[in-house]
Amino acid sequence: MSKPGVSGNESQNTGILKEIIETNITRKLIPKGLSWLGCMGGLSLLAFLIQLGTGIFLMFYFIPSPNEAAASFQRVSHSVPYGWLIQRIHSVGPHIMIGMVFSHMLRIYFKGIYRHPRELHWVSGANLLILTLLMYYTGSFLKANTAAELSKFQLTCFYTLHIAGIPLAMMLFMGMHFFMVRKTGIYEQL
Ligand code: HEM
C-alpha cells in the first residue's frame, strides 16, 4: 500500500531506486582477496574526480592573467570559505594520483595483463598516463609565482589546455578504457 500523500507510481519508483542502490552498493560485500594494488585503477578514477571537482571550484576565482593570478590566489586562500583547503587538495592531489596511476600500470605490467584481449585497455591506459602527466605539467605553470613570469598568451594556452583540452581528452580515453574493461571483464575476478 502506498503512503498517504504519495502516489502509487512514486512509491514504486522509490522502491526500484532502493533496490538498485542495495544490490549494487550497500549490500555488496568486499571480496576477501582484494589487495590495495588491485584497487589502484578505481582509486585513480576517484583521484581524477576529486581534481575535477576542486578544479571547477578554483576556476570561479582564478584570473588567468600574469598580473592578477597571484592576487586571485590570495583571495581564494584568505577570503573564500574553505578556499585554502580546496586549493591544498588540488595541489597535493596530483602527486597522489600520479603514484596511483603508476602503481596501477606496474601491477598490469608485471602480471602481464596487457596481453590479448586487453591490448586496447593498455593503449587507452598509456594515453591516460601521458595525459595525467600533462595535466601536472600545465598545472605547474598556473601557480602564483610561475604565472607572473609568463606572457598573457603563454598563460592563456596553459590554462585552456589545463581546464578544457586535456580533461576532455582524458574523459574520452577513460570512456574507451572503461568500455574495454566492461567488454572483457577484469582479469582477476572479484
Ligand atoms: C587516469 C588513469 C587511469 C584510470 C582512472 C584507470 C582506471 C581503471 C579501472 C577502474 C580499471 C578496472 C579495475 C582494475 O583492474 O583496476 C582499469 C583496468 C585496466 N587498466 Fe586502467 N586506469 C588508468 C590508467 C591506466 C594505465 C596507465 C594503464 C597501462 C598503461 C592501464 C591499463 C589497464 C588495463 C590493462 C586494465 C584491465 C585490467 C584487468 O582486466 O584486470 N590503466 N583501469
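Summary of the structure given here.

How each quantity is defined
- Counting restarts for each chain, with residues numbered from 1 along the sequence as it is written.
- Per-residue local features are limited, in this predicted model, to residues with pLDDT of at least 70; the limit for side-chain atom pairs, both in listing and counting, is 80 or more; totals at the level of whole chains, interfaces and linings are taken over all residues.
- For the side-chain quantities, the full set of heavy atoms in the structure was used; hydrogens and water were omitted.
- Strands here are runs of E lasting at least two residues and helices are runs of H or I lasting at least four, both read from the DSSP assignment and numbered beginning at the N terminus.
- Residue burial is assigned from relative accessible area. The probe radius is 1.4 Å, only protein chains are included, and a residue is buried under 20% of its type maximum, exposed over 50%, and partly exposed in between.
- Patch membership needs two things, relative accessible area over 30% and no salt bridge, and members are linked within 9 Å if like-charged or within 5 Å if nonpolar (Val, Leu, Ile, Met, Phe, Trp, Tyr).
- The Shrake-Rupley method, run with a 1.4 Å probe sphere, supplies the accessible areas, and residue values consider only the shown protein chains as cover.
- For this document, the term salt bridge refers to a Lys or Arg side-chain nitrogen within 4 Å of an Asp or Glu carboxyl oxygen.
- Each residue is tested against the molecule or strand, and it is near if at least one of its non-hydrogen atoms lies within 4 Å.
- Whenever a nitrogen or oxygen atom comes within 3.5 Å of another N or O atom, the pair is scored as a polar contact, on the condition that within protein one atom can donate a hydrogen and the other can accept it, and that pairs from neighbouring residues in sequence are kept only if both atoms are in side chains.
- Side-chain classes follow a simple rule in which Ala, Val, Leu, Ile, Met, Phe, Trp, Tyr, Cys and Pro form the nonpolar group, Asp, Glu, Lys and Arg form the charged group, and the remainder, Gly included, forms the polar group.

What follows covers unusual backbone geometry. Outside of glycine, negative phi angles account for most residues, and trans bonds account for most peptide bonds. Here the amide bond leading from H116 into P117 is cis, since omega sits at 10 degrees, within 30 degrees of zero. Note that P117 resides in the loop between α4 (83-110) and α5 (119-140). Its identity is not glycine, yet Y82 carries a phi of approximately 60 degrees, on the positive side. By secondary structure assignment, the location of Y82 is in the loop between α3 (69-79) and α4. Here Y82 falls in the exposed class, since its relative accessible area comes to 60%.

This part is about a nonpolar patch on the surface. On the surface, a nonpolar cluster with roughly 590 Å² of combined accessible area is contributed by L46, I50, Y82, W84, L85 and I89. Secondary structure elements with two or more residues in the nonpolar patch: α2 (40-59) and α4. As for its position among the elements, L85 is in helix α4. In this structure L85 comes out as partly exposed when scored by relative accessible area, which is 34%.

The next subject is the site of the ligand. Near the ligand, the surroundings consist of 26 residues, among which H104, R118, G125, H177 and Y187 are the closest. At 2.8 Å, a side-chain N or O of H104 approaches a nitrogen atom of the ligand. In the model, a nitrogen atom of the ligand is placed 2.8 Å from a nitrogen or oxygen of the H177 side chain. With 7 residues, α5 is the largest single contributor of residues to the shell around the ligand. Residues that form the shell around the ligand fall into these classes: 15 nonpolar, 10 polar and 1 charged.

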